Amino acid sequence: MLDEIQMTVKGGDGGHGLISFRREKFAPLGGPDGGDGGRGGDVIVRATDDVYALERLRPRRRYEAGRGGNGASAKKHGRNGKDLVLEAPEGTVIFRLEGGERVELADLPAKGTTAIVARGGKGGWGNIHFATSTNQAPYISQSGAEGEEAEIVLELRLISDVGIIGLPNAGKSTLLAALSAARPKVGDYPFTTLQPTLGVVNVGWQTFRMADLPGLIEGAAEGRGLGHEFLRHAMRCPVLLHLADGSADDPVADVLLIREEIAAYDPDLRDRVAVIAVNKVDLPEVVARRERLEQAFAAEGMSARFISAATGEGLRELAADLFEMVKADRERREREAVEQAETPVLRPQPRRRFEVEVVGGEYVVDAPGIAGFVETMDLDSEPHRQEVYRRLKRWGVAKELERKGAVPGSPVRIGKATLAWLE
Ligand SMILES: Nc1nc2c(ncn2[C@@H]2O[C@H](COP(=O)(O)OP(=O)(O)OP(=O)(O)O)[C@@H](O)[C@H]2O)c(=O)[nH]1
Ligand SMILES: [Mg+2]
């Protein structure tokens, strides 16, 4: 089962603004009417209750949202690019890779929650925006801004509502098969299950998901057996069902051992909601020691129920009780989800704030808001250049450049754009 996937996401590029002039029969020199480009679509990750959703995404692929349409004449706005919605199982955590480091961006605690992982670029302005009292026929428009691109990792934190844990041969797979339509492999030898299997358990008309996890042995926290693999999965189930083999030498010791192993791996797991069930109560030897076992569990401060995955004894009650715990946990997560209904991933950029630094004779203007504008202007075109200078003056950048010693012709770098300071 896939529980992590890396991919590239890119917001759609914004559409270009248009240079166009109104053309009417009796007004040969009509005003500017070039419309704006549409904005590029966002890449959004949305949580679903389908735990296998990651399997449908392709690792290392580049997922790109729709491009914005170009502006048209008669002030027509280009259409906005289509958002691209990727589905991931609820309980997915999203990371962004920045220089090899994973930076957590958002998590999707419950079905329906979304996060924007790459924003589309803004559409460029058409020439209608560049008319001024002194320039009523502007040959200026903006190209669309590039969509944001990022390398992200989706990691599944929650694989199931309930995870069945226990030593090999406890009957975990048999139990899952008895409660759901899943058909995990059952075998009379340890480590039959190597991968978690998921099943859906019906309780009345409601359901919860249950995972049959690989068997755990002593030393798992140090990586023995399927060690970490197993524990990583256990961590991702809000409710744990400890299953012990009633016919084993010491079922109480078995449960204690598992508790210690999971707590050694992650102390949080010690307090995870857990139910203890002793399996194979259909066997006469288990029936014979039932009372003694009950007392032994009680002496450890635990309460165990007795079930038979083989005959179905006690399974309905077990499913009903597990469901109550799952429901309580779901309600808690939904409450939390409401508090963060949509997690915008990119903080709004502070506009018009800037710093000027002189680096190797070049004047570097550090100003994300301003760079975004300059990068969309065609600097080989004189009217565009003039417009950029005009705005840099208005925003106070010109003054700062001059204060730092820029003279006509000095190279100025703003974002990805370079220009020579005003002659
Ligand atoms: N008598 C009896 N035998 C059972 C019961 N449940 C499981 N078994 C048997 O116990 C053995 C192990 O069962 P599995 O369900 O494969 O056990 P598991 O816990 O999934 O084992 P691993 O995947 O190896 O960790 C099989 O031979 C089952 O038929 C039960 O309730 N009663
Ligand atoms: Mg198994």
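As the structure is a computational prediction, the values presented were derived from the model and not from experiment. (Residues numbered from 1 in each chain as written. Chains lettered and ligands numbered in written order. Predicted model: local features only at pLDDT ≥ 70, side-chain atom pairs only at ≥ 80, totals over all residues. Heavy atoms only, no water.)

**A short note on the side chain of Arg391**
Threshold: The helix and strand labels rest on DSSP assignments: H or I over at least four residues marks a helix, E over at least two residues marks a strand, and numbering proceeds from the N terminus. Per-residue accessibility, obtained with a 1.4 Å probe over protein chains only, is compared with the maximum for each type, and a residue is labelled buried under 20%, exposed over 50%, and partly exposed between these values. By definition, residues are in contact when any of their heavy atoms lie within 4.5 Å.
Its place among the elements puts Arg391 in helix 7 (residues 382-394). Judged by its relative accessible area of 7%, Arg391 is buried. In this structure Arg391 touches Trp125, His129, Phe130 and Phe373, once residues within four positions along its chain are discounted.

**Section: the packing of aromatic side chains**
For clarity, the threshold we go by: When two rings of Phe, Tyr or Trp (its six-membered ring) have centres within 6.5 Å they constitute a pair, described as stacked for plane angles under 30 degrees, edge-to-face for angles over 60, and tilted for the intermediate range. Think of it as a cone above the ring: NZ of Lys or CZ of Arg counts as a charge over the ring if it is within 6 Å of the ring centre and within 35 degrees of the ring normal.
Applying the stated criterion across every chain yields a total of 5 aromatic pairs. Relative to Trp395, the ring of Phe373 has its centre 5.6 Å away and its plane inclined at 85°; by these criteria the two rings are edge-to-face. You can see Phe373 sitting in helix 6 (residues 368-375) and its partner Trp395 sitting in the loop between helix 7 and helix 8 (397-403), a full 22 residues away along the chain. Judged by relative accessible area, Phe373 falls into the buried class, the value being 7%. Against the face of Tyr63 rests Arg61, its NZ or CZ located 4.2 Å from the ring centre. A cation sits over an aromatic face here: Arg102 above Phe95, 5.3 Å from the ring centre.

**Overview of the site of ligand 1**
The following threshold applies: One heavy atom within 4 Å of a molecule or strand is enough for the residue carrying it to be called near that molecule or strand. Residue burial considers only the protein chains on display, and all accessible areas are found by Shrake-Rupley using a 1.4 Å probe. Residues were grouped as follows: Ala, Val, Leu, Ile, Met, Phe, Trp, Tyr, Cys and Pro as nonpolar; Asp, Glu, Lys and Arg as charged; and all remaining residues, including Gly, as polar.
Near ligand 1, the surroundings consist of 23 residues, among which Lys172, Thr174, Thr192, Thr193 and Asp282 are the closest. Relative to its unbound accessible area of 650 Å², ligand 1 is 87% covered by the protein chains. For the shell around ligand 1, the per-class residue count stands at 9 nonpolar, 10 polar and 4 charged.

**Observations concerning the nonpolar core**
As a reminder, the rule being used: The criterion is simple. A nonpolar core is a set of buried Ala, Val, Leu, Ile, Met, Phe, Trp, Tyr and Cys residues joined through side-chain atoms within 4.5 Å.
Ranked by size, the top nonpolar core spans 38 residues in total, and within it Met7, Val9, Leu57, Ile94, Ile152 and Leu154 carry the most contacts. Elements with a contribution of two residues or more to this core: strand 1 (4-10), strand 2 (43-48), strand 4 (84-89), strand 6 (101-108), strand 7 (114-118), strand 8 (149-156), helix 2 (227-235) and helix 3 (251-265). The dominant element in this core, judged by the number of residues it contributes, is strand 8, at 4 residues. Residues within four places of Val9 in sequence aside, it is in contact with Val43, Tyr63, Leu86, Val117, Ala118, Glu148, Glu149, Ala150 and Ile152. With 25 residues, the next largest nonpolar core counts Ala371, Met377, Tyr389 and Trp395 among its residues.

**Comments concerning helix 6**
All buried positions along helix 6 are accounted for by Gly369, Ile370, Ala371, Phe373 and Val374. Packing partners of the buried residues in helix 6 comprise helix 7, helix 8, strand 18 (411-414) and strand 19 (417-420).

**Observations concerning the environment of Arg61**
Within the secondary structure, Arg61 is located in the loop between strand 2 and strand 3 (62-64). Assessed through its relative accessible area of 33%, Arg61 is described here as partly exposed. A C-alpha to C-alpha distance of 10.0 Å links Arg61 and Ile5, two positions 56 residues apart in sequence. Non-local contacts of Arg61, meaning those with residues more than four positions away in its chain, are made with Met7 and Thr8.

**Here's the deal with the sheet that holds strand 13 (residues 274-279)**
The line we're drawing: In this description, strands pair whenever DSSP reports at least two bridges between them. Orientation is described by axes fitted as lines to C-alpha atoms, over the contacting stretch for helices, and by angles from 0 to 180 degrees between their N-to-C directions.
The strand order across the open sheet built from 6 strands is 10-11-9-12-13-14, with neighbouring strands paired in mixed fashion. For this open sheet the edge positions go to strand 10 (197-203) and strand 14 (304-306), each flanked by a neighbour on one side alone. Along the sheet, successive strands turn relative to each other by an average axial angle of 30°, direction set aside. Across 4 bridges, the pairing between strand 9 (residues 162-165) and strand 12 (residues 239-245) is parallel. Within the sheet, the bridge partner assigned to Val162 lies in strand 12 and is Val239. Against the sheet, helix 1 (residues 172-179) touches strand 9, strand 10, strand 11 (206-212) and strand 12, its axis set at about 160° to strand 11. Running over the sheet, helix 3 touches strand 9, strand 12 and strand 13 and is turned about 145° from strand 12.

**Remarks on the pattern of salt bridges**
The criterion, for reference: For this document, the term salt bridge refers to a Lys or Arg side-chain nitrogen within 4 Å of an Asp or Glu carboxyl oxygen.
Within this structure, the stated rule accounts for 24 salt bridges. Across the pair Glu87 and Arg46 runs a salt bridge whose closest N-O atoms are separated by 3.5 Å. In this pair, Glu87 sits in strand 4 while Arg46 sits in strand 2, placing the two residues 41 residues apart along the sequence. With a relative accessible area of 34%, Arg46 lands in the partly exposed category. For Arg390, the salt bridge is made with Glu387, and the minimal N-O distance between the two is 3.0 Å.

**A short note on the pairing of strand 16 (residues 355-359)**
Both faces of the sheet carry side chains from a regular strand, because those side chains alternate between them. Sheet analysis places strand 16 next to strand 17 (residues 362-366), joined by 5 bridges and oriented antiparallel. Within the sheet, the bridge partner assigned to Val359 lies in strand 17 and is Glu362. Joining the antiparallel neighbours strand 16 and strand 17 is a turn of 2 residues, in which Gly360 adopts a positive phi near 55°.

**A look at the environment of Glu334**
Here Glu334 shows up in helix 5 (residues 315-339). Taking the C-alpha atoms as reference points, Glu334 and Arg292, 42 residues apart in sequence, are found 42 Å from one another.

**A short note on the pairing of strand 19**
Of the two faces of strand 19, only one is covered, namely that formed by Ala417 and Leu419; the face formed by Thr418 and Ala420 stays uncovered. Strand direction decides the pairing type here: strand 18 and strand 19, joined by 4 bridges, are antiparallel. Bridged to Arg413 within strand 19 is Thr418. The hairpin formed by strand 18 and strand 19 contains 2 residues between the paired strands, and Gly415 there has a positive phi angle of roughly 60°.

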